[in-house]
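What follows is the residue order along each chain.
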Amino acid sequence: MTDEQLALNAQLGDEACVNELFKKYKPMVSKIARSYFLADGDSEDILQEGMIGLYKAIRHYDKNKNASFKTFASTCIKHQLQSAIKVASAEKNKILSTAISINDPSQDDEDGELEIYIPSSLPSPDDKLLEKERMNEIKQKIKEHLSSLELKVLSLYLKGYNYNEISSMSNLSKKSIDNALTRIKNKLSFLKNKN
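Below is a short write-up of the structure. On a predicted model such as this, the values are computed, not experimentally measured, just so you know.

### Re the packing of helix 2 (residues 15-33) against helix 3 (residues 43-60)
Working step 1: Viewed as axis vectors pointing N to C, helix 2 and helix 3 meet at an angle of 135°, and their least axial separation amounts to 9 Å. It follows from the interaxial angle that helix 2 and helix 3 lie oblique. Judged by the sense of rotation from one axis to the other, the crossing of helix 2 with helix 3 is right-handed. When helix 2 is examined against helix 3, the residues Val18, Leu21, Phe22, Tyr25, Lys26, Val29, Ser30 and Ala33 are found in contact with a partner set consisting of Ile46, Leu47, Gly50, Met51, Leu54, Tyr55 and Ile58.
Working step 2: Considering only residue class, the contact of helix 2 with helix 3 consists of twelve nonpolar, two polar and one charged.

Pasting the structure below:
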């Protein structure tokens, strides 16, 4: 059966088709998930969000939309990961960074009531600028901590290449790549501790 047929059968309740698509597309989910970072999360959280995106793709695939299941699944996985990251980022400082007063602070509160704040779900321009600056700062620190070889290996790994592909692109053995990734992980452990 094609992936499209598997998806349509899965929508009709065939659990074997759902499991077949999960098994077949898990490597793609893993490859896409590698290029995302979830604050206060780990790689398993990201992978889980990607699998949720795959499940949504299975449930909502429509063969009449002129897209292959693979293309649709890839889009759903990316959207799910981006949504999860956006929610995680928004929740962290929601009350402090997005509160809007329902009282005019320039006027005295005549009846002595407390000022009430209603959180806004929209990111402010300041939040976007701060996030961009934070990402630039992280990139700079990564460049400072890693050798040129480690930067090359990390870049290829984050683009979704596996050990064999990185090996052929960089003329390194798989063992050298594994060692480089271990060193990278150790050198960049400080990123986990950042708020």
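Still more to cover.
### What about helix 7 (residues 148-158)?
Working step 1: Among the residues of helix 7, Glu150, Val153, Leu154 and Leu156 are the ones counted as buried. Buried residues in helix 7, looked at end-on, bunch into an arc of 165°, giving them a common side.
Working step 2: Among the residues trailing helix 7, Gly160 stands out with phi positive, at a value near 100°.

### Some thoughts on helix 2
Working step 1: At Tyr25, helix 2 shows its maximal kink, close to 45°; a proline, Pro27, follows between one and four residues later.
Working step 2: For helix 2, the set of buried residues is Cys17, Val18, Leu21, Tyr25, Met28, Val29, Ile32 and Ala33.
Working step 3: Capping of helix 2 at its N-terminal end is provided by Asp14; its side-chain oxygen lies 3.0 Å from the backbone amide nitrogen of Ala16.

### Description of the nonpolar core
Working step 1: Leu21, Leu54, Phe69 and Ile77 are the most contacted members of the largest nonpolar core, which totals 23 residues.
Working step 2: At the level of secondary structure, the elements contributing two or more residues to this core comprise helix 1 (3-11), helix 2, helix 3 and helix 4 (69-92).
Working step 3: If sequence neighbours within four positions are ignored, Leu54 has contacts with Leu21, Phe22, Tyr25, Val29, Phe69, Ala73 and Ile77.
Working step 4: Within the second largest apolar cluster, 13 residues are counted, among which are Ile138, Ile166, Ile177 and Ile184.

### A few points about the side chain of Gln80
Working step 1: Following the sequence through the fold, Gln80 ends up in helix 4.
Working step 2: The class for Gln80 is buried, based on a relative accessible area of 12%.
Working step 3: Non-local contacts of Gln80, meaning those with residues more than four positions away in its chain, are made with Glu49, Ile52, Gly53 and Lys56.

### Focus: the packing of helix 1 against helix 3
Working step 1: At a minimum axis distance of 7 Å, the contact between helix 1 and helix 3 shows a crossing angle of 85°. Judged by the inter-axis angle, helix 1 sits roughly perpendicular to helix 3. Contacts from Ala7, Ala10 and Gln11 of helix 1 reach helix 3 at Ile58, Arg59 and His60.
Working step 2: Among the residues forming the contact of helix 1 with helix 3, the class breakdown is three nonpolar, two polar and one charged.

### Focus: the environment of Ile46
Working step 1: In this structure, Ile46 sits in helix 3.
Working step 2: Considered as a pair, Ile46 and Ala84 are 38 residues apart in the sequence and their alpha carbons are 8.4 Å apart.

### Comments concerning the environment of Gln5
Working step 1: When you line up the elements, Gln5 lands in helix 1.
Working step 2: We classify Gln5 as partly exposed; its relative accessible area is 40%.
Working step 3: Separated by twelve residues in sequence, Gln5 and Cys17 have C-alpha atoms that sit 8.8 Å apart.

### Quick notes on unusual backbone geometry
Working step 1: One non-glycine residue, Asn66, lies in the positive phi region at around 60°.
Working step 2: Looking at the element boundaries, Asn66 is found in the loop between helix 3 and helix 4.
Working step 3: Although it is not a glycine, Asn171 adopts a positive phi angle of roughly 55°.
Working step 4: Exposure remark for Asn171: the relative accessible area of 72% places this residue in the exposed category.

### Quick look at the pattern of salt bridges
Working step 1: Inspection of the entire model under this criterion finds three salt bridges.
Working step 2: Note that Asp3 is salt-bridged to Lys24, the shortest N-O span being 2.6 Å. Of this pair, Asp3 sits in helix 1 while Lys24 sits in helix 2, placing them 21 residues apart in sequence.
Working step 3: Across the pair Lys187 and Glu150 runs a salt bridge, and its minimum N-O distance is 2.8 Å. Within this pair, whereas Lys187 is found in helix 9 (residues 174-187), its partner Glu150 is found in helix 7, the two being separated by 37 residues in sequence.
Working step 4: Using a relative accessible area of 2% as the deciding quantity, one classes Glu150 as buried.

Calculation notes
- Residues numbered from 1 in each chain as written.
- Predicted model: local features only at pLDDT ≥ 70, side-chain atom pairs only at ≥ 80, totals over all residues.
- Heavy atoms only, no water.
- Axes fitted to C-alpha atoms, helices over the stretch in contact; angles between N-to-C directions.
- Helix = DSSP H or I, 4+ residues; strand = E, 2+ residues; numbered from the N terminus.
- Parallel < 35°, antiparallel > 145°, perpendicular 65-115°, else oblique.
- Left-handed = near helix turned anticlockwise from the far one by under 90°.
- Contact = heavy atoms within 4.5 Å.
- Nonpolar A, V, L, I, M, F, W, Y, C, P; charged D, E, K, R; others polar.
- Buried < 20%, exposed > 50% of the residue type's maximum accessible area, 1.4 Å probe, protein only.
- Arc of directions from axis to C-beta.
- Bend = angle between axes of the 7 residues up to and from the residue.
- Polar contact = N/O pair within 3.5 Å; in protein donor to acceptor, adjacent residues only side chain to side chain.
- Core = buried A, V, L, I, M, F, W, Y, C linked by side-chain atoms within 4.5 Å.
- Salt bridge = Lys/Arg side-chain N within 4 Å of Asp/Glu carboxyl O.

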